[in-house]
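# A closer look at the structure
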There are 2 protein chains.
Amino acid sequence: MVEEQIIQLLRKSQLSVTDSRRKILEIFIQAGSALAHHDVEEKTSERYDRVTVYRTLQTFMEKGIIHTIPTTDNSIKYALCKEDCAEGHHHDNHIHFVCEICGAITCMDEIHVPTINLPEGYHANQINMVVNGICKNCKA
Amino acid sequence: MVEEQIIQLLRKSQLSVTDSRRKILEIFIQAGSALAHHDVEEKTSERYDRVTVYRTLQTFMEKGIIHTIPTTDNSIKYALCKEDCAEGHHHDNHIHFVCEICGAITCMDEIHVPTINLPEGYHANQINMVVNGICKNCKA
DNA sequence: GCCAATTTTGCAACTTTGTTGCAAATGATA
DNA sequence: TATCATTTGCAACAAAGTTGCAAAATTGGC
Ligand SMILES: [Mn+2]
Ligand SMILES: [Mn+2]
Ligand SMILES: [Zn+2]
Ligand SMILES: [Zn+2]
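Nothing here was measured: the structure is a model prediction, and the numbers come from that model. (Residues numbered from 1 in each chain as written. Chains lettered and ligands numbered in written order. Predicted model: local features only at pLDDT ≥ 70, side-chain atom pairs only at ≥ 80, totals over all residues. Heavy atoms only, no water.)

### Some remarks on the pairing of strand E3 (residues 77-80) of chain B
Pairing of strand E1 (residues 35-36) of chain B with E3(B), which is carried by two bridges, proceeds in the antiparallel orientation. Across the sheet, the residue bridging to B:Ala36 is B:Lys77, located in E3(B). (Pairing = 2+ DSSP bridges. Helix = DSSP H or I, 4+ residues; strand = E, 2+ residues; numbered from the N terminus.)

### Comments concerning the interface of chain A and chain B
With 38 residues of chain A in contact, the opposing surface of chain B contributes 38 residues. Of the roughly 3100 Å² buried between chain A and chain B, counting both surfaces, carbon and sulfur atoms make up 62%. Our count for the chain A to chain B interface comes out at zero salt bridges. Applying the counting rule to chain A against chain B returns eleven residue pairs in polar contact (both at pLDDT 80 or more). Among the secondary structure elements, those contributing two or more residues to the side of chain A that touches chain B are strand E4 (94-99), strand E5 (105-112) and strand E6 (123-134) of chain A. Top contributing element to the side of chain A that touches chain B by residue count: E6(A), with twelve residues. Taken together, the residues of the side of chain A that touches chain B sort by class into 19 nonpolar, 13 polar and six charged. Sheet topology places E6(A) next to strand E6 (residues 123-134) of chain B; eleven bridges connect them, and they run antiparallel. Within E6(B), the residue paired with A:Asn132 across the bridge is B:Gln126. (Contact = heavy atoms within 4.5 Å. Buried area = accessible area lost by both parts, 1.4 Å probe. Salt bridge = Lys/Arg side-chain N within 4 Å of Asp/Glu carboxyl O. Polar contact = N/O pair within 3.5 Å; in protein donor to acceptor, adjacent residues only side chain to side chain. Nonpolar A, V, L, I, M, F, W, Y, C, P; charged D, E, K, R; others polar.)

By themselves, these figures tell us nothing about what the structure is for.
Put into structure tokens, the structure is as follows:
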């Protein structure tokens, strides 16, 4: 049961199990795609304060439960991390797809970000690859 | 002379040559790295209204003079385009490097974004690749 | 289950960022 | 220089994000 999984995940991350955390995690699990802060707020149907949503997203980030996806429209999107992320250490090495029609943002877990040869003296820690285009649901 | 080049570029883009546009273009040319709206405002030493800066950046975007770089910190960065961008058509196919220490954001014009095999049904229009790490000035 | 200690939440007040309408100022053109 | 179109600054606003603090909820031991 999903409720149980949510509680497990919060416990595993050493977070106390609160209504807002449960609800927001549930929203991410149910949403197929990445969500902006604003989307999360809307889906809670005004049950939690804006500030609580901000703080919850921040906490989830720190604990490696969700990760951010940079987009060109100046709005950070958040999506669930996979197993291999942990507190303070994200390993989201997959590409992200942004559909220009429906706006859905998908984690393409199976497609890894290719390695890059940087110029002498540069060191890469993390690479974000965001593909904008048309998703399979929206293609003509 | 740089002043002349700036005027040429504005003319070429069919923009009237105004103080703010000249000054803001100059700021981009002098800055080695990408700038946020806020950076631009600061460097104009309060000579232009915030709204003017917003509108100027927007105009430069539309005319293919600058392009945006998505970042994970929810602030769009802007950088000068190369020759092959034009009104309504950007061709910024290079990767961007964000230094985690000095914060500088560099266009690596010489490093092209690799192509990606997307799943069946997906179509890519534009790919953004942003590398976070340590730049050559900041390496220990 | 109850209690004390700790953590989380909601609220208020605030700052920052971004948008819009409109009149005044400036730039292009002849 | 005069005219017309464009651009700018201002004011007023909306949206996004931050901080301090008291009230409420959660945890863990009894
Ligand atoms: Mn992802
Ligand atoms: Mn660039
Ligand atoms: Zn779509
Ligand atoms: Zn650096």
